[in-house]
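Understanding the architecture of this molecule
Single-letter residue listing:
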Amino acid sequence: MTLSVIRSQPGREPYAVLRIFFQRCTRTFGVSPCTGSGEPCFKTLASCKSRAAYNAADAEYVFVTARTAVPTELAGAVPILEDIDITPAKIDPGGSIGSRSVMEATLRDIPHNDVGFDPHVTLRTYDVMERGTLLGRFKARNPYYANRVVVAEIGYLEDGSYKPENFRRCTFFIEAIDGPSRDGMFRITAKDLLKQLDDKRAVCPRPNVGRVSVAFGPEATTFTLTPTGIGNAEYPASGRCLIGEEKIRFTRVGDVMTMVERGLHGSEVKQHAENEVVQVAKRFVSMKVHDIVYELETSFASVPTKYIPKAEWNQEQVDYLPRLYSADVYTPTPVKQLVNELLQCTGVSHWWDEEAAALRFKSIRPLADDVVHSLGEHEHLLRETLDIKDMPAARLTQAHVYYDIIDPSKDIDEPTNYRQRHIEGDLAAEGPEMYGDKRIKQVFCRWITGANAVAAIDLGQKTLARFRRVPRTASFVLDEKDGYLRQGDFVQLSSQQAQQLDGASEPVNIQLLSRKFLKLATHTQYMGTEFFYLAPQTGPTGKVERLVVIAAPVNNLNLRSLHNSIYADLSSDDVVRFRFLNGAYVTSANKANPAIDVGTWPSGVRLFLELHSGCRIVGAGGAGVSYSAYNVQSTTAAQKRGGVAIYTRRTITVNVQLGALLHGGPGGGCGLHVISSAHDSTLRWSLGGGGGHSTVEGGAFGAGGRSVSFSGTVALPNTGADAFREPALDGEALSGGTSFRAGWMVRGAGAESKSLTSSLAGLQAGFGGDLRRFNGAGRPPSYSSGPSIFGPFTTSMLPSSGTHDIVIGGLTTRVRVDAGGEQGAAIDGASFATVVGDLETLITGGDHGPLVN
Amino acid sequence: MTIKHAWIGYDNIFTRKTSVVTSNGAATGFPASNLKNWYNWQRFKGTAATVFVTVDAGAPVFCNYLALSGFGEGGLQGGNLALQVSNDSTTWTNVVTINVASTEGVTLYNGTYWYDGTRYVSSSVVPIKQNIAVRFTGQTWRYWRVRLAGTVAPPMLGVVGLGRALDFPIGFYADSLKPRWNKDTEVINSISERGAFLGRSIVRSGNKPFSFNVEPVAHDWVDDYWMPFKDHAELLPFFFVWEDDPVDPLTGTFNTRDVLLAWTNGVFPNATVKDRRWASVSLSCEGTLE
């Protein structure tokens with residue numbers, strides 16, 4: 001018979017067995033290597049007389065139910081077990097590790113002949129039956145009982161016999177042993193393995209004891225650790241550390257720390273005093289959540305790996321947890337806190353399964369292979385035990401997810417310590433027709449980086465989905481015939497306590513969060529909450545896609561690298577969708593590199609780029625015309641050409657939505673030299689174009705570099721303000737310019753050219769790429785700002801290269817314009833790309849630049 | 001109406017401090033010394049199919065009862081157990097031999113019913129693993145041994161009671177409970193919200209407490225027999241045996257149904273004087289038949 005069969009038999013006979021695993025020395029007393037002599041030990045560490053030779057092995061002690069005869073199969077067991085009270089763990093899905101499962105066993109102490117307990121009982125010179133009691137002696141000999149394994153077996157005798165298959169085994173770890181009490185009882189309290197994560201037991205990173213040996217200042221690049229030798233003992237060869245409030249990247253040789261970068265995370269570079277503690281940070285970089293939890297628990301909380309079904313965790317990750325997470329932990333932080341944060345940020349349930357002696361790790365997810373057990377009032381729910389209640393306090397209308405932490409050593413629950421926030425809201429629910437109020441939940445997640453915005457979005461959606469409706473809680477009692485149900489299982493309750501509009505019973509989906517054995521192996525009380533989940537979101541392809549959201553400025557984006565920093569385990573049938581939102585200003589500061597490199601992907605993977613309104617994908621600006629001598633241009637066409645916006649040699653689909661910008665980098669600005677001027681017959685200047693000179697390319701978003709001038713007769717200062725290198729909103733005034741206002745297509749303009757001399761005030765515009773059309777023709781901006789020997793230029797003059805006469809005040813200045821560069825390619829690899837959407841309507845006339853293969 | 005069928009076995013040479021208990025081999029953790037106490041769960045277990053457990057009383061002692069508890073049948077089916085005596089520990093004589101039926105299989109339950117693999121049925125065959133008590137013609141020997149001749153696996157023993165039985169001078173009154181009628185079994189039913197029977201657990205807790213009163217008994221009997229028993233019972237368990245047929249110490253009896261390994265429950269009542277010649281004794285106890 002099996003447990004599932006016998007538990008359904010009327011007349012089943014519950015029985016309990018308690019197995020305690022302590023340690024016992026394997027040596028023979030007084031025989032080498034044991035040097036003990038005199039009264040023999042009890043083969044425990046506390047009684048050992050030769051500690052150097054002590055060699056521990058597990059020893060099992062068995063106690064059984066006191067009120068029934070001991071089955072012969074358990075001969076040797078001591079029938080003093082009065083009661084076992086087990087309160088299994090309570091799951092807190094997507095919240096924390098929940099509450100610990102607790103087992104309390106009560107044993108009655110008795111006189112005992114020590115057979116089975118004292119290996120040297122036959123050598124004792126006293127009558128053990130008349131000296132002390134079994135458990136009193138047992139505890140004295142085993143004072144190091146904490147965390148020892150105790151297994152409670154609860155099941156049924158079969159025809160008076162003990163058969164292991166008729167029992168469930170619940171594994172716990174001893175927390176305390178109290179006794180003997182006045183009533184002669186011993187009480188053993190044991191908890192589940194996750195108690196190892198408690199605040200006082202485990203922290204990450206491990207506290208370091210190294211200190212600064214000699215004070216150093218903000219300019220210092222090295223310092224030495226003290227005490228001597230602590231470097232090799234505690235500190236890695238490279239990493240990050242915290243001194244005071246300053247975060248520092250370092251390399252280390254011996255006790256000497258070289259500070260590669262100071263003031264990380266925006267911390268202030270400061271003077272550090274002698275003896276300041278140097279704490280190494282623990283870095284988790286683009287890791288799978290289950291791997292982070294595994295490392296935290298096994299490396300920092302002493303959780304034995306044998307209790308972690310890693311293969312099961314791995315499968316859960318592959319199926320439901322594809323994202324990667326990162327964090328720098330600078331201060332020793334309770335492992336429990338870190339794990340709880342991860343569970344909350346990733347929507348995972350983590351609990352101790354005492355029956356399987358395993359730590360479970362399951363994402364909050366739609367039912368897949370999970371069985372939903374139907375429970376009804378007729379054949380399952382015990383009389384007068386079902387209670388279904390609303391939990392109005394749990395309802396939410398908004399979920400605010402804070403991510404992209406600024407300073408990981410500061411308060412992680414402080415909204416201002418995060419750069420980004422995603423708000424997921426249900427505005428309809430807040431309306432007067434529905435709830436008419438706001439219920440906001442803030443979630444702070446240091447583990448989601450700025451590049452992993454999709455994780456924050458996903459978390460917000462899942463959080464709101466679970467609590468958008470008023471969830472219900474249910475508690476009920478089942479006979480042990482249904483005792484196979486465990487925490488984490490899913491049930492569907494049918495009862496008159498939940499009715500539909502027409503009064504019919506409304507099935508309520510409940511996830512079981514806890515259970516309690518009310519009567520030994522007879523009745524079990526369950527508690528659970530209604531289970532709502534966000535169904536996996538399918539993308540336009542009809543599949544569950546891997547979404548990557550870019551919502552912040554970034555240069556030189558490699559899509560594969562970005563994907564790999566937030567997703568794991570790419571497979572050939574995956575669909576990856578990159579969504580560029582308003583604020584995603586993607587460019588390159590170096591024309592040699594595209595703003596976006598699609599990168600290398602496994603065949604079969606389908607790639608989609610969505611460019612939403614407000615995003616800018618622009619290549620680097622080309623080099624402006626430069627002159628090596630008067631009228632001697634030193635720039636080539638290639639140098640002047642703008643950079644590439646998107647480079648691909650991989651099939652992609654680009655969807656450009658209205659309001660998005662995608663274009664290659666503007667060509668470098670045109671050059672201009674003065675051939676002759678009636679204003680000043682000595683003028684013979686060559687003025688380089690914006691967009692940088694031949695070796696300084698245009699800046700990000702095609703902004704020109706500093707204009708460079710050359711004069712054969714007048715040394716012109718090359719001290720212009722730095723180029724405008726930041727993206728600017730349409731119509732925004734350029735920084736660094738003087739009364740220069742950019743047009744809405746100012747990106748791609750040449751930088752401000754420096755005023756040549758005070759007498760030549762007015763030549764302030766650089767000659768950038770086409771300001772309006774991006775054609776890189778080298779047309780200087782059309783503008784006027786006061787007296788100018790040249791200006792204003794007019795668009796009619798350009799874009800043609802050639803000689804032009806400018807007449808101002810009746811005097812003519814003849815200049816020659818050397819054409820600037822072409823605009824770079826919007827997509828280098830056009831044959832690999834399918835472009836859809838509003839690209840052509842938005843940027844007409846091929847302004848997006850050539851599509852170069 | 002009185003019934004004079006009960007007797008008590010408390011005198012036990014196995015548990016005397018001066019006795020030496022040995023065996024011809026014991027499994028690790030199950031030494032013969034485990035028979036020097038009254039715990040039927042702390043067992044002796046042999047290493048061979050046929051084992052001997054010997055007690056050296058130090059001097060010849062009188063015994064007229066043998067009781068066994070915590071008897072693991074092991075492979076004893078089809079074999080036998082015997083009580084043997086000797087004064088030199090070399091030459092042994094059988095006093096009692098009990099053949100164990102080979103039909104007493106492991107599925108037999110030691111209660112009022114047993115599960116035959118498909119159903120629960122009333123049991124008329126008492127399995128060997130229940131307590132056993134034997135009355136035999138009293139004899140005086142120094143060496144006594146129990147031989148367990150199994151057929152497959154070494155058998156086990158929890159408690160061996162061997163000594164002089166305490167017989168009551170008169171019978172018990174009507175309304176007394178036979179131990180086997182007094183099982184302490186709690187029943188826990190499971191009934192659904194709609195009233196369906198969903199399951200049942202039973203919790204067996206040996207025998208319910210019971211008490212008896214014997215009156216009148218002679219003052220001398222109280223002094224000579226009852227008080228020594230009281231001294232023992234205030235500390236240790238004893239065997240309480242109820243015979244369906246009157247005990248005939250001369251011919252012996254073999255009882256497997258109403259042998260209670262018993263212990264007192266609460267304060268042991270004092271014997272009370274009824275008159276200058278007669279007294280009353282009473283006892284409240286509980287125990288286990290298994």
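Residues numbered from 1 in each chain as written. Chains lettered and ligands numbered in written order. Predicted model: local features only at pLDDT ≥ 70, side-chain atom pairs only at ≥ 80, totals over all residues. Heavy atoms only, no water.

Helix and strand content of chain B: one helix and 21 strands. Counting all 290 residues of chain B, 55% fall into the buried class. Of the accessible surface of chain B, which amounts to about 12,100 Å², a share of 51% is contributed by carbon and sulfur atoms. (Helix = DSSP H or I, 4+ residues; strand = E, 2+ residues; numbered from the N terminus. Buried < 20%, exposed > 50% of the residue type's maximum accessible area, 1.4 Å probe, protein only. Areas by Shrake-Rupley, 256 points an atom, 1.4 Å probe, with all protein chains shown as cover.)

Turning our attention to unusual backbone geometry. In this model, Gly179 of chain A is joined to Pro180 of chain A through a cis peptide bond whose omega is 0 degrees. Summarising the element assignment, Pro180 of chain A is placed in the loop between strand S8 (167–178) and strand S9 (185–191). Following Cys204 of chain A, the chain continues to Pro205 of chain A via a peptide bond in cis, the omega torsion being -5 degrees. Not every positive phi belongs to a glycine, and Lys43 of chain A is a case in point at roughly 60 degrees. Structurally, Lys43 of chain A can be placed in the loop between strand S1 (13–25) and strand S2 (56–65). Residue class for Lys43 of chain A comes out buried when judged on its relative accessible area of 14%. Residues other than glycine seldom take positive phi values, yet Ser89 of chain B does so here, at roughly 60 degrees.

Attention now moves to the interface of chain A and chain B. Counting residues at the interface gives 44 residues for chain A, matched by 39 residues for chain B. Note on chain A versus chain B: buried area summed over both sides is about 3,500 Å², and carbon and sulfur give 52% of it. The tally of links between chain A and chain B comes to two salt bridges. A salt bridge links Arg194 of chain B to Glu377 of chain A; the shortest N-O distance between them is 2.8 Å. If you look at where chain A meets chain B, you find 20 residue pairs in polar contact (both at pLDDT 80 or more). Looking at the side of chain A that touches chain B, the elements that each hand over two or more residues are S1 and strand S3 (78–87) of chain A. Here the side of chain A that touches chain B is composed, by residue class, of 17 nonpolar, 14 polar and 13 charged. (Contact = heavy atoms within 4.5 Å. Buried area = accessible area lost by both parts, 1.4 Å probe. Salt bridge = Lys/Arg side-chain N within 4 Å of Asp/Glu carboxyl O. Polar contact = N/O pair within 3.5 Å; in protein donor to acceptor, adjacent residues only side chain to side chain. Nonpolar A, V, L, I, M, F, W, Y, C, P; charged D, E, K, R; others polar.)

Here we come to the pattern of salt bridges. Residue and element names in this part refer to chain A. Per the stated rule, a full pass over the model turns up 56 salt bridges over all chains. Measuring nitrogen to oxygen at the nearest pair gives 2.7 Å for the salt bridge that ties Arg141 to Asp114. Pair noted here: Arg141 is in helix H2 (residues 134–141) and Asp114 is in the loop between strand S6 (102–108) and H2, with a separation of 27 residues, a long-range link. You'll find Arg141 and Asp114 in the same group, each marked buried. Connected through shared salt-bridge partners, Arg7, Arg168, Glu312, Asp353, Glu354, Glu355, Arg360, Glu480, Arg486 and Arg515 make up one network.

This next bit is on the confidence of the model for chain A. Residue and element names in this part refer to chain A. For chain A, the average pLDDT comes to 80, and 80% of its residues sit at 70 or higher. Within chain A, no element has a lower average pLDDT than strand S46 (residues 709–711), which sits at 34, and none a higher one than strand S16 (residues 278–280), at 97. Considering only residues more than four positions removed or in separate chains, one finds that residues 690–800, a stretch of pLDDT under 50, has 297 contacts. Counted against residues more than four places away or in other chains, residues 840–853, with its pLDDT under 50, gives 39 contacts. (pLDDT = per-residue confidence, 0-100.)

A separate point is the environment of Lys43 of chain A. For the pair formed by Lys43 of chain A and Arg27 of chain A, sequence separation is 16 residues and the distance between their alpha carbons is 8.0 Å. Polar side-chain contacts of Lys43 of chain A include one of 2.7 Å to the backbone oxygen of Arg27 of chain A.

We now examine the sheet that holds strand S26 (residues 440–444) of chain A. Residues and elements named next belong to chain A. The three strands lie next to each other as S25-S24-S26, forming an open sheet whose pairing is mixed. With one partner strand each, in any of the chains shown, strand S25 (418–425) and S26 form the two edges of the open sheet. Averaged over neighbouring strand pairs, the angle between their axes works out to 20 degrees when direction is ignored. Contacts from helix H8 (residues 453–467) reach strand S24 (398–405), S25 and S26 within the one sheet, and its direction differs from that of S24 by about 155 degrees. (Pairing = 2+ DSSP bridges. Axes fitted to C-alpha atoms, helices over the stretch in contact; angles between N-to-C directions.)

Further remarks concern the packing of helix H4 (residues 289–300) of chain A against helix H5 (residues 310–320) of chain A. In a pair of packed helices, the angle between the axes and the distance between the axes together describe the arrangement. All names here are of chain A. Where H4 contacts H5, the two axes come as close as 10 Å, and the packing angle between them is 150 degrees. As the angle between them shows, H4 and H5 are arranged roughly antiparallel. Of the residues in H5, those touching H4 at His290, Asp291, Val293, Tyr294 and Glu297 are Lys310, Trp313, Asn314 and Gln317. In terms of residue class, the contact of H4 with H5 is made up of three nonpolar, three polar and three charged. (Parallel < 35°, antiparallel > 145°, perpendicular 65-115°, else oblique.)

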